[in-house]
2 protein chains.
Amino acid sequence: MKLDNYNVQPPLAADASPPQDSLSDADTDAEDIFVPPLNFAMVDNGIFRSGFPNSANFGFLKSLRLRSVICLCPEPYPESTLEFLKANEIRLYQFGIDGCKEPFVNIPNDTIREALKVALDVKNHPLLIHCKRGKHRTGCLVGCIRRLQRWCLSSVFDEYQRFAGAKARVSDQRFIELFDISGLKHHPLSFSCSRK
Amino acid sequence: MKLDNYNVQPPLAADASPPQDSLSDADTDAEDIFVPPLNFAMVDNGIFRSGFPNSANFGFLKSLRLRSVICLCPEPYPESTLEFLKANEIRLYQFGIDGCKEPFVNIPNDTIREALKVALDVKNHPLLIHCKRGKHRTGCLVGCIRRLQRWCLSSVFDEYQRFAGAKARVSDQRFIELFDISGLKHHPLSFSCSRK
C-alpha cells in the first residue's frame, strides 16, 4: 500500500500494514527528499523546464507525473534514463540542437517551431522541456512560448536572463525577438494568461 | 462581444459585429502586449510570485484571474491598485514585513507561518505572492513552500538565488532552512509534486 501522505491520515498502530508503511511523513523525511533537476522551474500550467535530468532526479520527475519530455540536446539518453521514461510511460520528443558557443550560435528556426507545436499540445502535458543546462536552448523555446502569451520583450528577456545568468546571450534574445509567431497564433493555449 | 481569440475563429467580413470586434490577433498586437510585474514567475499550480505590481501590470494580472494576493510589504497600496483589486474581486491578504537590510534582517516566523497557511489554501488560488522586489520576503515564503514540497535545500537555495541575484542573503536562506514545517506537513497540497 502506498500512502498519499498529504491527504490520508497515517494508519493507527493497530493497523494491519507492515511497520514501514505505517510511518508518517515526519518519520520518513530522509527518504522523501526530492531533487529537482538543475535550473528546474514551472513555465506555466502543464509545462516545466530544466537542465539535463539524471538518476538523482527520477523520484522528483516521477512526482510530476509527466506525460512527455522535450529534449533539445542531440546526444542520446543514458540507458537508465530511457528505462525510467519507459517505466513511467513518458514519451520522449528529441529535437537535437547543438549547444554551440557564441559567436557560432545557430538556433534553428524550424526545429524550435516543431518543438513549440509539441509543447503547446495539451495532450503532451504535463511536459518537461530541457537541454543541458536549462539556459540557452530551453531559454529560447520558453521565450517563444512567452511571445505567444504576449509578454512584453523586456519581461521575456528578464526571465531568459534569470536562468542564463552570466551566460546570457544577445544572439538568443535576438532569436526570440525575431521568431515569427504569426503561424502559431491561433493554436489553442491552456496557459494561465492566454485569455483576455 | 468579447472574443476569446485563441479558441474562436475571427468572424467573417460579413459578420454583423462592428469592425473593431472583427479584428484577429494579428491586427491588434500593439494593444495586446502583457506586462508582467518585476520578477514574475509561476511557483506551482495556482501560485505566482513577483515584485510590487503597478498599474502597467493590471492587464496581465487580470489575465491570471487571481482570487487573492499576499502582500508582504507593510506599506498601504496606492488607491488605483485597491480599485483594481476591488473591481476584479481579488482579496488582499497583507502581512507587513519590514524590508530590512542585512545584518538587521528579521523575517518573522509567525508572520510567514500565517502567510503560508493562506498560500496553501486552494480556496485562495489563483494567488499572487509579492513584496517590493520579489526577492527576499517573497523568496523566504516560496522557500518554505518548497520545503513543504520536500525539495532538497540546494534546489531551494538555487531558486532563491535565481530571483535574489547579487542581493541573495545567507540570513534568508538560514531562515528557510530552520523554518519548522512539522505543524504544516499534513496540510493538503495541490502542487505538481506533492504526491509520491
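Being a predicted model, the structure only gives us computed values, none of them experimental. (Residues numbered from 1 in each chain as written. Chains lettered and ligands numbered in written order. Predicted model: local features only at pLDDT ≥ 70, side-chain atom pairs only at ≥ 80, totals over all residues. Heavy atoms only, no water.)

Chemist: Residues and numbers for the overall build of chain A, please.
Modeler: In terms of regular secondary structure, chain A is built from seven helices and five strands. Residues classed as buried in chain A amount to 52% of the 196 residues present. A fraction of 64% describes how many contacts in chain A between residues 6 or more apart in sequence connect residues 24 or more apart. Carbon and sulfur atoms form 52% of the exposed surface of chain A, whose accessible area is close to 9,300 Å². (Helix = DSSP H or I, 4+ residues; strand = E, 2+ residues; numbered from the N terminus. Buried < 20%, exposed > 50% of the residue type's maximum accessible area, 1.4 Å probe, protein only. Contact = heavy atoms within 4.5 Å. Areas by Shrake-Rupley, 256 points an atom, 1.4 Å probe, with all protein chains shown as cover.)

Chemist: Talk me through the packing of aromatic side chains; I want residue IDs and the actual numbers.
Modeler: Residue and element names in this part refer to chain B. The tally for this structure, following the rule as stated, stands at 16 aromatic pairs over all chains. Taking the centre distance of 4.8 Å and the plane angle of 85° together, the rings of Phe 40 and Phe 60 count as edge-to-face. With Phe 40 in the loop between α1 (29–32) and β1 (41–44) and Phe 60 in helix α2 (residues 58–63), this residue pair connects regions lying 20 residues apart in the sequence. No difference in accessibility class separates Phe 40 from Phe 60, as the two residues are buried. (Phe/Tyr/Trp six-rings, centres within 6.5 Å; stacked < 30°, edge-to-face > 60°.)

Chemist: Please provide a residue-by-residue account of helix α4 (residues 109–120) of chain A, values included.
Modeler: Residue and element names in this part refer to chain A. For α4, which comprises twelve residues, the first-to-last C-alpha distance of 16 Å matches the rise-based estimate of 16 Å (1.5 Å per residue) to within 8%. All of the buried residues along α4 are Ile 112, Arg 113, Ala 115, Leu 116, Val 118, Ala 119 and Leu 120. Buried residues along α4 sit against β2 (47–50), β3 (68–71), β4 (91–94), β5 (127–130), α5 (137–148) and α7 (170–178). (Expected span 1.5 Å × (residues − 1).)

Chemist: Tell me about the side chain of A:Ser50, and name the residues and values.
Modeler: Tracing the backbone shows A:Ser50 in strand β2. When sequence neighbours within four positions are dropped, the list of residues in contact with A:Ser50 reads A:Pro37, A:Leu38, A:Asn39, A:Phe40, A:Leu128, A:Ile129, A:His130, A:Cys131, A:Gly134 and A:Thr138.

Chemist: Please provide a residue-by-residue account of the environment of B:Arg147, values included.
Modeler: Residues and elements named next belong to chain B. Tracing the sequence through the fold places Arg 147 in helix α5 (residues 137–148). C-alpha separation for the pair Arg 147 and Phe 179, spaced 32 residues apart in sequence, amounts to 8.8 Å. Leaving out residues up to four positions away in the same chain, Arg 147 has contacts with Leu 153, Ile 176, Glu 177, Leu 178, Phe 179 and Ile 181. Among the polar contacts listed, one links the side chain of Arg 147 to the backbone oxygen of Ile 176, at a separation of 2.9 Å. (Polar contact = N/O pair within 3.5 Å; in protein donor to acceptor, adjacent residues only side chain to side chain.)

Chemist: Please set out the pairing of strand β3 (residues 68–71) of chain B residue by residue, giving values where relevant.
Modeler: All names here are of chain B. Burial along β3 is two-sided: the residues Ser 68 and Ile 70 and Val 69 and Cys 71 are all buried. Across four bridges, β3 lies against strand β4 (residues 91–94) in parallel orientation. Bridge assignment links Ser 68 to a residue of β4, and that residue is Arg 91. As for the winding sense of the linkage, the β-α-β connection from β3 through helix α3 (residues 79–87) to β4 is right-handed. Sheet topology places β3 next to strand β5 (residues 127–130); four bridges connect them, and they run parallel. By the bridge assignment, Ile 70 is partnered in β5 with Ile 129. (Pairing = 2+ DSSP bridges. Right-handed = clockwise from strand over helix to strand, strands pointing away.)

Chemist: Describe the pattern of salt bridges, listing the residues and the values that go with them.
Modeler: Any two side chains of opposite charge can pair, on the condition that their charged atoms come close. All names here are of chain A. Scanning the entire structure with this criterion turns up eight salt bridges over all chains. Lys 123 is paired through a salt bridge with Asp 121; the nearest N and O atoms lie 3.5 Å apart. A salt bridge links Asp 158 to Arg 162; the nearest nitrogen and oxygen atoms lie 3.1 Å apart. Within this pair, Asp 158 and its partner Arg 162 are both found in helix α6 (residues 153–164), separated by four residues, close to a single helical turn. Relative accessible area serves as the criterion here: at 11%, Arg 162 is assigned to the buried category. (Salt bridge = Lys/Arg side-chain N within 4 Å of Asp/Glu carboxyl O.)

Chemist: Help me get a handle on the confidence of the model for chain A, residues and values and all.
Modeler: Averaged over chain A, the pLDDT score is 84; the fraction of residues at 70 or greater is 81%. For this predicted complex, the interface confidence comes out at an ipTM of 0.82, alongside a pTM of 0.83. (pLDDT = per-residue confidence, 0-100.)

Chemist: Pulling in residues and values, what's your account of the pairing of β1(B)?
Modeler: Residue and element names in this part refer to chain B. Across three bridges, β1 lies against strand β2 (residues 47–50) in antiparallel orientation. When the sheet's bridge partners are listed, Ala 41 is paired in β2 with Arg 49. Turn length for the β1-β2 hairpin, with the two strands adjacent in sequence and antiparallel, is two residues, and the turn residue Gly 46 shows positive phi of about 80°.

Chemist: Go over unusual backbone geometry, please, and point to the residues and values.
Modeler: Following A:His125, the chain continues to A:Pro126 via a peptide bond in cis, the omega torsion being -5°. Tracing the backbone shows A:Pro126 in the loop between α4 and β5. With a phi angle near 50°, A:Glu89 is a residue other than glycine that sits in the positive phi range. Tracing the sequence through the fold places A:Glu89 in the loop between α3 (79–87) and β4. We note that B:Arg150 has phi near 70°; this positive angle belongs to a residue other than glycine. Its location among the elements puts B:Arg150 in the loop between α5 and α6 (153–164). B:Arg150 sits in the buried class, given a relative accessible area of 6%.

Chemist: How would you sum up the packing of α4(A) against α5(A)? Please name residues and give values.
Modeler: Residues and elements named next belong to chain A. The geometry of α4 relative to α5 is characterised by a closest axis approach of 10 Å and an angle of 65° between their N-to-C directions. Of the two elements, α4 crosses α5, and the hand of that crossing is right-handed. Counted together, Ile 112, Ala 115, Leu 116, Ala 119 and Leu 120 of α4 and Leu 141, Cys 144, Ile 145 and Leu 148 of α5 form the full contact between these two elements. In the contact of α4 with α5, the residues fall into nine nonpolar, no polar and no charged. (Axes fitted to C-alpha atoms, helices over the stretch in contact; angles between N-to-C directions. Left-handed = near helix turned anticlockwise from the far one by under 90°. Nonpolar A, V, L, I, M, F, W, Y, C, P; charged D, E, K, R; others polar.)

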